[in-house]
Amino acid sequence: MNAVAATARRPWVRIVLAAVVAVVLIVAPLALPAFANQTLVRIGVYAVAVLGLNIVMGYTGQVNLGQIFFVGLGAYVTAYGVNHGWNILLVFAAACAVAGVVGLLVALAAARLGGLAIAMVTIALPIVGVPLAKRLSEFTGGSQGISARFTDAPDWSGLDNDQWQFYIVLVVAAAAFLLARSLVRGKYGRAFAAVRENEAVAASMGISPYRTKVLAFTIASIFGGASGFLYLAAVQYTSPETLSFGHSISLLAAMVIGGAGSIAGSLLGGAYYVFVPQLTNAIDPNLTTISQGAILLAVLFLLPGGLVSLPRVVRRLARRTDAARGRSTGRSTAAPPAQTSEQNAPARHPVPDSALDGHEQTERQDGP
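Points about the nonpolar core
Line of reasoning, step 1. One finds F223 and L251 to be the most contacted residues of the largest nonpolar core, which totals 78 residues.
Line of reasoning, step 2. Among the secondary structure elements, those contributing two or more residues to this core are helix 3 (34–59), helix 4 (67–83), helix 5 (88–110), helix 6 (116–135), helix 8 (161–184), helix 11 (209–235), helix 12 (245–258) and helix 13 (263–283).
Line of reasoning, step 3. Looking at this core element by element, the count peaks at 14 residues for helix 3.
Line of reasoning, step 4. Ignoring sequence-local partners within four residues, the contact set of F223 consists of V48, L51, G52, I55, A176, L179 and A180.

Quick look at the environment of A175
Line of reasoning, step 1. With respect to the helices and strands, A175 occurs in helix 8.
Line of reasoning, step 2. Residue classification places A175 among the partly exposed residues on the basis of a relative accessible area of 46%.
Line of reasoning, step 3. The sequence separation of A175 and V48 amounts to 127 residues, and the corresponding C-alpha distance is 10.0 Å.

Comments concerning a nonpolar patch on the surface
Line of reasoning, step 1. Taken together, the side chains of I127, V128, L132, L136 and F139 make up a nonpolar region of the molecular surface, amounting to roughly 440 Å² of accessible area.
Line of reasoning, step 2. Examining the composition of the nonpolar patch, we find that three residues originate from one element, helix 6, more than from any other.
Line of reasoning, step 3. For L136, the location among the structural elements is in the loop between helix 6 and helix 7 (137–140).
Line of reasoning, step 4. What makes L136 partly exposed here is its relative accessible area of 40%.

Comments concerning empty space enclosed by the protein
Line of reasoning, step 1. Inspection of the entire model under this criterion finds one cavity of 30 Å³ or more.
Line of reasoning, step 2. A volume near 80 Å³ is recorded for the largest cavity.
Line of reasoning, step 3. Every residue lining the largest cavity is listed: V56, Q62, V63, A107, A110, A111, I118, K213, V214 and F217.
Line of reasoning, step 4. Within the residue set of the lining of the largest cavity, elements represented by two or more residues are helix 5 and helix 11.
Line of reasoning, step 5. Examining the composition of the lining of the largest cavity, we find that three residues originate from one element, helix 11, more than from any other.
Line of reasoning, step 6. Its residues placed into classes, the lining of the largest cavity shows eight nonpolar, one polar and one charged.

About the cut-offs
- Residues numbered from 1 in each chain as written.
- Predicted model: local features only at pLDDT ≥ 70, side-chain atom pairs only at ≥ 80, totals over all residues.
- Heavy atoms only, no water.
- Core = buried A, V, L, I, M, F, W, Y, C linked by side-chain atoms within 4.5 Å.
- Buried < 20%, exposed > 50% of the residue type's maximum accessible area, 1.4 Å probe, protein only.
- Helix = DSSP H or I, 4+ residues; strand = E, 2+ residues; numbered from the N terminus.
- Contact = heavy atoms within 4.5 Å.
- Patch = residues over 30% accessible without salt bridge, like charges linked within 9 Å, V, L, I, M, F, W, Y side chains within 5 Å.
- Areas by Shrake-Rupley, 256 points an atom, 1.4 Å probe, with all protein chains shown as cover.
- Salt bridge = Lys/Arg side-chain N within 4 Å of Asp/Glu carboxyl O.
- 1 Å grid on protein atoms, 1.4 Å probe; cavity = no way out; pocket = protein on both sides within 12 Å on 5 of 7 lines; lining within 4 Å.
- Points joined across faces, edges and corners; volume = space filled by probe spheres on them.
- Nonpolar A, V, L, I, M, F, W, Y, C, P; charged D, E, K, R; others polar.

Below is the structure:
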């Protein structure tokens, strides 16, 4: 076991690292410019959405192509509550609860299906959600969308708006990630893994695949609603375009590239969702879709486990390089093989007759 792995397993090291990360996250918005804070806020928003998608797909192995629907639903509930003067904590609870209830209803019907049937049900969510949001203009603002402003920094805080939004997203996202980590490392996480590997084996172990699927889908929907709340906190506006199917596919790609079945991969997926479109637009706006597809294929070919597997791949390559270098060095500098006692004996060269005296020559001639 190497020193790094041994150090990483010490509890106090993890505590120190967690404390350092917490301090950096708390201090960072005070030193960063507004654009950087807004970018980090958007990463946090989509990281929570990808986290929910990862629970149902990466950990449970079920298909969900409609996560963006729950993000948009949470955003609409948030806008409605803010515009009607609800307490902000009540608004957040309502965004998560409404998304969770709708997700539960969908899961109760879809969890009994398998394969393509689940995919078709979840695909229908954003496809139906867009025209539905346009028709329910009394609640959604119709095609024009709806705005809600509730994240302006209070005077007593002494913060700018971008800093205040950063801390709101930080608190919610940190709670979501800690909750997800506790969930997947406990008995529910083991149930998710069992259902993902083999439903028949999971059933023989006393785990209900149906209930596990429903639970995973409902939790993913709740995380989607929380992401919708954060989305409105950051953007302060939502429209039917928020629920479009293209965004749902982008979330799926972000989950795969970040790392399916990984909590840290969800955070990397959120960063991918934000940074890659900016990068491709800066290169050539007309080739944005092609560029994103090329990046997706490149990551999948080089890192099938997603970006979260990059350190593991680098360590593997380093070990192979060291082993190859060791073999090469061993051939060039290794000591010669040990010689036997016969080989260590001095060489016996024939002695000419002229060097022998007469008695020795006679013995040689008379010898056998």
